[in-house]
Amino acid sequence: MLIKKPDDIKSSEITDKETYLNRRNFMRGAALLATTAATTWLYRELNPPPPVTRPGEKIADIVKPAPAGGFSTDEAKTSFKDITNYNNFYEFSTDKQEVSELAQGFVTKPWSVAVEGLVNKPKVYDLDDLLKLVPQEERIYRLRCVERWSMVIPWVGFSLAELLKRVEPTAQARYVAFETLYDPKQFPGQSGLGTGLDWPYVEGLRLDEAMHPLTILATGLYGEKLPPQDGAPIRLVVPWKYGFKSIKSIVKIKLVEQMPPTAWNLYAPREYGFYSNVNPNVSHPRWSQAKEQRIGEYGLRDTMMFNGYAEQVAQLYQGMDLRVNF
Amino acid sequence: MDTKFSKVLLFINSLVPLALLSWDAYHKKLGANPYEFVTRTTGMLTLVFLMISLAVTPLRKISGWNFLVKFRRMLGLYAFFYGFLHLMTYIWFDRFFNFKSMAGDIIQRPFIAIGMASFFLLVPLAITSTNGMVKRLGGKRWNRLHKLVYLTAIGGVLHYYMIVKSDTRVPLTFAFVLALLLGYRIYAANQTPKLPVRSPIPPR
């Protein structure tokens with residue numbers, strides 16, 4: 001039986017050296033491109049560059065702030081972009097750069113604020129009533145976050161005192177308690193595990209702090225209606241206290257006799273006191289508060305006592321040990 | 001794919017995050033607080049490279065893919081490299097080269113002390129990462145010295161856990177992964193017979 005001996009590979013089928021090397025280089029190039037593209041994708045997915053959101057609606061007839069009394073400052077204002085894309089708003093996300101995007105669909109109509117407790121005339125205010133209560137004023141305030149960064153923000157709003165006067169606090173009322181909307185459907189951070197805080201977010205002020213002319217309910221910034229990531233449609237601004245005192249998206253204001261619970265104090269009483277006045281001499285247990293990083297600036301600034309509002313507010317705390325009442 | 005080219009691939013891919021971070025910085029796309037963003041990113045990359053380099057041994061033992069050990073040194077050195085960048089962002093953008101304030105900061109903020117200690121533990125490991133140093137120390141002693149990386153990884157994750165204000169999900173994820181990686185080692189050490197100790201010098 002004849003067994004046919006297989007032919008040798010025809011010389012025409014042997015890849016010549018140059019082609020072989022070219023092909024190898026091609027494969028290597030492809031592998032390099034594919035893997036770096038995959039790594040780029042992974043990095044972008046896990047560490048996205050912060051998004052930027054668009055401006056909102058203009059507010060009409062804003063009264064300019066008085067130059068004296070701390071109502072304004074000639075310090076450079078933080079850009080609208082930074083104010084609206086760097087937000088501590090745990091109801092949306094604990095990532096400051098992610099809040100603006102997540103907050104876009106936030107529904108603020110209809111919105112009402114219940115003012116109740118130890119008052120003669122409790123009332124549920126519709127947001128539109130609050131906007132018409134008194135003329136909207138511009139207030140250019142410094143904002144100092146407990147995390148060491150700061151901004152200068154041109155708020156639009158009105159004195160909280162104007163609202164409180166209208167409901168007539170009774171003689172027993174000594175504190176004001178505030179509450180943020182509780183709505184896990186709109187606030188993804190309010191459901192599930194992990195953020196650590198109890199919801200809804202609650203804050204409080206002593207009545208004299210709440211009545212102070214610097215304390216405002218803000219409804220806008222840069223002449224526009226408050227963007228959702230900054231606490232729409234109405235939020236507190238207390239410029240001499242760390243930012244977390246200035247509670248956002250308020251639905252309830254209650255006058256009470258006892259010092260009310262506050263969200264961060266409930267979470268870590270040793271780290272966040274009821275007063276939380278900006279104070280460069282009292283360190284947070286985990287970091288110093290002596291300096292601050294103004295957003296948009298290179299380098300550090302000295303943090304000022306009461307965030308630079310000592311002249312206006314220091315008398316509220318006369319005789320108090322601010323190390324104990326931090 | 002040959003080893004040499006695989007190493008080139010790994011080397012370049014490990015630089016991709018740095019390239020993208022620099023690109024974003026150049027185009028001012030690091031958001032409102034670029035310093036914080038760079039600090040967080042380099043810190044995260046340090047932990048990621050520590051975890052990947054610690055995953056080499058368990059993966060190798062479970063899968064039998066012994067070639068993985070060839071990439072371990074580079075992964076470890078990248079952890080060191082990103083850790084160094086992380087430390088530099090702190091010295092530069094958090095302290096602005098004010099070394100006096102740094103000293104106070106280390107005393108006041110324990111997580112800074114822990115982070116620094118964890119980084120400095122990596123220095124002897126980086127120095128002894130060359131083949132020459134492995135030979136000089138001898139495989140056994142070299143192996144024992146390089147167990148310091150466990151302390152660095154624990155310290156690094158603790159450092160991260162301590163800085164977050166309240167949302168501990170990501171640091172706890174790192175802690176969980178690290179527990180698996182170290183737990184496997186404890187488990188494997190109690191198994192008999194033991195695998196022979198392999199030379200840390202990657203075969204060519």
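Up top is the structure.
Caption draft 1: The arrangement of the overall build of chain B in detail. Broken down by element type, chain B carries nine helices and zero strands. What you see in chain B, going N to C, is helices and strands ordered as α-α-α-α-α-α-α-α-α. For chain B, whose C-alpha radius of gyration is 18 Å, the value lies close to the compact-globule estimate of 17 Å for 204 residues. Sorting the 204 residues of chain B into buried and exposed places 44% on the buried side. Sequence separation of 24 or more characterises 68% of the internal contacts of chain B that already satisfy a separation of 6 or more. Of the roughly 11,100 Å² that chain B leaves accessible, carbon and sulfur atoms contribute 71%. For chain B, the centre of its 25 positive side-chain charges and the centre of its 6 negative side-chain charges are spaced 18 Å apart.

Caption draft 2: Local environment of a nonpolar patch on the surface. A grouping of A:Tyr298, B:Trp92, B:Phe97 and B:Phe99 is seen on the molecular surface, where their side chains present a nonpolar patch of about 460 Å² in accessible area. Within the secondary structure layout, B:Trp92 lies in helix H3 (residues 72–94).

Caption draft 3: Representation of the interface of chain A and chain B in the model. Contacts between the two partners involve 44 residues from chain A, matched on the other side by 38 residues from chain B. The contact between chain A and chain B buries some 3,400 Å² in all, and 52% of this surface belongs to carbon and sulfur atoms. Among the residues chain A hides against chain B, the three largest losses belong to A:Arg28, A:Tyr43 and A:Arg286. Together they make up 19% of the total. At the junction of chain A and chain B, the tally comes to four salt bridges. A:Arg148 serves as the salt-bridge partner of B:Asp94, at 3.5 Å between the closest nitrogen and oxygen. Where the side of chain A that touches chain B is concerned, the elements lending two or more residues are helix H1 (17–46) and helix H7 (263–267) of chain A. Among the elements that line the side of chain A that touches chain B, the one with the most residues is H1(A), at nine residues.

Caption draft 4: The arrangement of the side chain of A:Thr215 in detail. Residue and element names in this part refer to chain A. Mapping Thr 215 onto the fold places it in the loop between helix H6 (207–211) and strand S7 (216–221). Of the polar contacts made by the side chain of Thr 215, one reaches the backbone oxygen of Glu 209; its length is 2.8 Å. Ignoring sequence-local partners within four residues, the contact set of Thr 215 consists of Phe 158, Ser 159, Leu 160, Leu 205, Glu 209, Ala 210, Leu 236, Val 237, Val 238 and Trp 240.

Caption draft 5: Representation of the packing of helix H2 (residues 34–63) of chain B against helix H8 (residues 148–163) of chain B within the structure. Residues and elements named next belong to chain B. Axis separation between H2 and H8 bottoms out at 10 Å; the angle between their running directions is 145°. Between H2 and H8 lies a crossing whose hand is left-handed. Across the interface between the two elements, Met 44, Leu 47, Leu 50, Met 51 and Leu 54 of H2 pack against Val 149, Tyr 150, Thr 152, Ala 153, Gly 156, Val 157 and Tyr 160 of H8. The residue inventory of the contact of H2 with H8, partitioned by class, reads 10 nonpolar, two polar and no charged.

Caption draft 6: Focus on the nonpolar core. Counting residues in hydrophobic clusters, the biggest one holds 78 residues, and the most contacted among them are A:Trp155, A:Leu163 and A:Ile253. Excluding anything up to four places from it in sequence, A:Leu163 contacts A:Val115, A:Tyr125, A:Leu130, A:Leu133, A:Phe158, A:Leu217 and A:Ile253. B:Met51, B:Met74, B:Leu75 and B:Val149 belong to the second largest nonpolar core, which has 26 residues in total.

Caption draft 7: The pattern of salt bridges, seen in detail. Throughout the structure, instances matching the rule amount to 29 salt bridges over all chains. Two residues, A:Arg142 and A:Glu75, come together in a salt bridge whose shortest N-O distance is 2.7 Å. In this pair, A:Arg142 sits in strand S3 (residues 137–144) while A:Glu75 sits in the loop between H1 and helix H2 (80–83), placing the two residues 67 residues apart along the sequence. Of the residues examined, A:Arg142 reaches a relative accessible area of 9% and is grouped as buried. Among the salt bridges present, the one from B:Asp105 reaches B:Arg109, with a minimum N-O distance of 2.4 Å. With a relative accessible area of 2%, B:Asp105 lands in the buried category. Among the charged side chains, a network of salt bridges with common partners joins A:Glu75, A:Arg142, A:Arg144, A:Glu292, A:Arg294, A:Glu297 and A:Arg301.

Caption draft 8: Seen up close, unusual backbone geometry. All names here are of chain A. Cis geometry marks the peptide bond from Lys 109 to Pro 110, where omega comes out at -5°. Inspection of the secondary structure puts Pro 110 in the loop between helix H3 (99–102) and strand S1 (112–117). Between Trp 199 and the following residue, Pro 200, the backbone shows a cis peptide bond with an omega angle of -5°. With respect to the helices and strands, Pro 200 occurs in the loop between strand S5 (175–180) and strand S6 (202–206). Backbone geometry at Asp 61 places phi at a positive 55°, although glycine is not the residue there. The residue Asp 61 is located in the loop between H1 and H2 in this model.

Caption draft 9: Region of the structure containing the sheet that holds S6(A). All names here are of chain A. Spatially, five strands are ordered S2-S1-S10-S5-S6 in an open sheet, and the strand pairing comes out mixed. Looking at which strands have only one partner, the edges of the open sheet turn out to be strand S2 (123–126) and S6. Taken pair by pair, the neighbouring strands of this sheet meet at an average axis angle of 15°, ignoring direction. Sitting on the sheet, helix H5 (residues 160–167) touches S1, S2, S5 and strand S10 (250–256), and the angle it makes with S10 is about 60°.

Cut-offs and rules
Residues numbered from 1 in each chain as written. Chains lettered and ligands numbered in written order. Predicted model: local features only at pLDDT ≥ 70, side-chain atom pairs only at ≥ 80, totals over all residues. Heavy atoms only, no water. Helix = DSSP H or I, 4+ residues; strand = E, 2+ residues; numbered from the N terminus. Rg over C-alpha atoms; globule rule 2.2 N^0.38 Å. Buried < 20%, exposed > 50% of the residue type's maximum accessible area, 1.4 Å probe, protein only. Contact = heavy atoms within 4.5 Å. Areas by Shrake-Rupley, 256 points an atom, 1.4 Å probe, with all protein chains shown as cover. Lys, Arg positive; Asp, Glu negative; His and termini not counted. Charge placed at Lys NZ, Arg CZ, Asp CG, Glu CD. Patch = residues over 30% accessible without salt bridge, like charges linked within 9 Å, V, L, I, M, F, W, Y side chains within 5 Å. Salt bridge = Lys/Arg side-chain N within 4 Å of Asp/Glu carboxyl O. Buried area = accessible area lost by both parts, 1.4 Å probe. Polar contact = N/O pair within 3.5 Å; in protein donor to acceptor, adjacent residues only side chain to side chain. Axes fitted to C-alpha atoms, helices over the stretch in contact; angles between N-to-C directions. Left-handed = near helix turned anticlockwise from the far one by under 90°. Nonpolar A, V, L, I, M, F, W, Y, C, P; charged D, E, K, R; others polar. Core = buried A, V, L, I, M, F, W, Y, C linked by side-chain atoms within 4.5 Å. Pairing = 2+ DSSP bridges.

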